[in-house]
Amino acid sequence: MGFVVKVPGAGGKVRWYVKYRDLDGAWKQRASGQPTKELTKKLLSEIEARVGRGLVGMVERVKPEPALLLGDLIDRFYKEYARPRLKDADGYRAAAKVELGRLPEGWRRRPAASITQEQVAELRDQLGRAGAKGAGAAAYKPNTINGTLRVLSTVYGWGQRKKLVPHNPCKGVERHATESLLEYFGAHEVDRLLAEALARCWGLDAAAKGGLPVVLYPLVATALYMGLRKGELFAWRWQDLDLETRRHDVMRAAKHGGGVGLPKGGKPRHLRLPLLLVPILRRWRGMCPATPEGLVFPLPTEKWDRSAERLTRLEQDAAGTGDAARDARKMLKRMTSAAPSRWRMGRHDDDVHLADLVMLAGCRPSAVGRNWHKLRHTFASRYIMDGGDLFVLQKIL
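Residues numbered from 1 in each chain as written. Predicted model: local features only at pLDDT ≥ 70, side-chain atom pairs only at ≥ 80, totals over all residues. Heavy atoms only, no water.

A. Examining helix H9 (residues 278-287) more closely. Turning to H9, its buried residues are Val278, Ile280, Leu281 and Trp284. For H9, the angular spread of buried residues about the axis comes to 155 degrees, placing them on one side. (Buried < 20%, exposed > 50% of the residue type's maximum accessible area, 1.4 Å probe, protein only. Helix = DSSP H or I, 4+ residues; strand = E, 2+ residues; numbered from the N terminus. Arc of directions from axis to C-beta.)

The following block contains the structure:
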């Protein structure tokens, strides 16, 4: 039989203890943590019942684990997320960081399990208001907002499967209507683009006209006549094509995170070179700078300011958050890993002055960073308008 012990404390406060005989036969006295004698007696009865069942008498207090913050969930997602069809994991993580980088200040510090559908809907509306990017900045566009919500939903879905969060608050939240991004150059614009590129890249008076890189003309022509992706163009090698038999192989593509991998479909494509493109590539082959890999479209290596002051400033910027920090980290990576060669493979953020060419040719400007994809859309649109088969187009692209 146990006892309840009353112990007077400072300031007239009373503390209640329980005294009981444990499984080993020894008497033990423990603080009950209860405010009244009645509650302490109830606790003593529970302890004696546990001892009678062969269990240790006093239930040890277990410290509750701290709530998982949304920022911690996102960081784990970056490190651990994988799926069989994810060909370019580094590129996916980089894109996901851009999308989730738009979350407002303070969201990463919220408990992940406490976020509700209503709060996600408020987030959607907040991103759509002016000033979401910063003071005086315009609102994010609907497709951009949908992209952020889509990645956030993927994070929560992964967290549910890992038993890290109980629910996905993004489910059931209405998204914005998707804006069509299918842009293409008209027939007259294509003619002007090619004529302007030929004159400013290969023309006799190209320098006097404010010359563009010599590689730009064959790059644009190939993109328009073949519909290759930007990464496929940059990774293309002379060994992948035969100008005599007009056969070309799309064997690889430059990845977003650097290096090369398989094309987006996950397997090579074997196609025919368009007849109009053969003389352009034949002439370019005689002009193309030699590289160890035999790249068809090598780009010049940048000349950077590598001073200690410049590196220190970049390291300070890279330690922050947001777009500026991400750009600083990219630049640091390039500056510390750049090859000594004069020529290199292009990257996804290389525009190669295509935006300048579009403006000089008097063509309709595209969204920032989408001019190269617009060339691909142009190939597809003209193929269908000329009577091409949609199934065959899918195989080509």
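Next comes the rest of the account.
B. Layout of the environment of Lys230. Mapping Lys230 onto the fold places it in helix H8 (residues 230-235). Lys230 gets classed as buried once you look at its relative accessible area, which sits at 16%. Here the alpha-carbon distance between Lys230 and Arg376, two residues 146 residues apart in the chain, equals 8.8 Å. For Lys230, the contacting residues outside a window of four places in its chain are Arg347, His348, Asp349, Asp350, Asp351 and Trp372. At 2.6 Å, the side chain of Lys230 forms a polar contact with the backbone oxygen of Asp350. (Contact = heavy atoms within 4.5 Å. Polar contact = N/O pair within 3.5 Å; in protein donor to acceptor, adjacent residues only side chain to side chain.)

C. The arrangement of the sheet that holds strand E1 (residues 3-8) in detail. Strand order in the open sheet formed by three strands is E1-E2-E3, with antiparallel pairing between adjacent strands. Every interior strand has two partners, whereas the edge strands, E1 and strand E3 (27-31), have only one. Put simply, the sheet's adjacent strands are angled 30 degrees from each other on average, direction ignored. Looking at chain direction, E1 and strand E2 (residues 14-21) are connected through six bridges and run antiparallel. Bridged to Val5 within E2 is Tyr17. Seen against the sheet, helix H1 (residues 37-52) touches E1 and E2 and runs at an angle of roughly 20 degrees to E2. (Pairing = 2+ DSSP bridges. Axes fitted to C-alpha atoms, helices over the stretch in contact; angles between N-to-C directions.)

D. Highlighting the pairing of E3. Both E2 and E3 contribute to a ladder of five bridges, which runs antiparallel. Its bridge partner being in E3, Tyr20 is matched across the sheet by Lys28. Taking the residues that link successive antiparallel strands as the turn, the E2-E3 hairpin has five residues, and the phi of Gly25 there is positive, at about 85 degrees.

E. Broad picture of the side chain of Ser32. Relative to the helices and strands, Ser32 is located in the loop between E3 and H1. Polar side-chain contacts of Ser32 include one of 2.8 Å to the backbone oxygen of Trp16.

F. Structural view of the packing of aromatic side chains. Throughout the structure, instances matching the rule amount to eight aromatic pairs. Where Phe77 meets Trp158, the ring centres are 5.9 Å apart and the plane angle is 75 degrees; that geometry is what we call edge-to-face. Residue Phe77 is found in helix H2 (residues 70-80), and its partner Trp158 is found in helix H5 (residues 142-161); the two are separated by 81 residues along the sequence. You'll find Phe77 and Trp158 in the same group, each marked buried. Cluster of aromatic residues (ring-pair linked, three or more members): Phe77, Tyr78, Tyr81, Tyr92 and Trp158. (Phe/Tyr/Trp six-rings, centres within 6.5 Å; stacked < 30°, edge-to-face > 60°.)

G. Representation of the packing of helix H3 (residues 89-100) against H5. Between H3 and H5, the shortest axis-to-axis distance is 8 Å and the interhelical angle comes to 115 degrees. Pair H3 / H5 crosses with left-handed handedness. Contacts from Tyr92, Ala96, Glu99 and Leu100 in H3 reach Thr144, Gly147, Thr148, Val151, Leu152, Thr154 and Val155 in H5. Within the contact of H3 with H5, the residues separate by chemical class into six nonpolar, four polar and one charged. (Left-handed = near helix turned anticlockwise from the far one by under 90°. Nonpolar A, V, L, I, M, F, W, Y, C, P; charged D, E, K, R; others polar.)

H. Summary view of H1. Over its 16 residues, H1 runs 22 Å from end to end, which matches the ideal 22 Å to within 8%, given 1.5 Å per residue. All of the buried residues in H1 are Thr40, Leu43, Leu44, Ile47 and Val51. Here the buried residues of H1 occupy an arc of 105 degrees about the axis, which is enough to place them on one side. What points out from H1, more than 90 degrees from its buried face, is the exposed set Glu38, Lys42 and Gly52. In this structure, the buried residues of H1 make contact with E1 and E2. A positive phi of about 85 degrees marks Gly54, the residue just after H1. (Expected span 1.5 Å × (residues − 1).)

I. Seen up close, the environment of Asp72. Within the secondary structure, Asp72 sits in helix H2. As for Asp72 and Pro111, which are separated by 39 residues in sequence, their C-alpha atoms are 9.3 Å apart.

J. The arrangement of the pattern of salt bridges in detail. Applying the stated criterion across every chain, the model contains 15 salt bridges. Its salt-bridge partner being Arg109, residue Glu105 comes within 3.5 Å of it at the nearest N-O pair. We note that Glu105, like Arg109, is exposed. Between Glu232 and Arg229 there is a salt bridge, and its shortest N-O distance comes to 3.0 Å. (Salt bridge = Lys/Arg side-chain N within 4 Å of Asp/Glu carboxyl O.)

K. Fine view of the nonpolar core. Counting 47 residues, the largest nonpolar core has Val220, Leu273, Phe297, Trp372 and Leu375 as its most contacted members. Those elements giving two or more residues to this core turn out to be helix H6 (187-202), helix H7 (216-226), H8, H9, helix H12 (354-360) and helix H13 (371-385). Sort the elements by how many residues they give to this core and H7 lands first, with eight residues. Those residues in contact with Val220 that sit more than four places away from it in its chain are Leu194, Leu354, Leu357, Trp372 and Leu375. By size, the runner-up hydrophobic cluster in this structure holds 28 residues, among which are Leu70, Ile115, Val120 and Tyr156. (Core = buried A, V, L, I, M, F, W, Y, C linked by side-chain atoms within 4.5 Å.)

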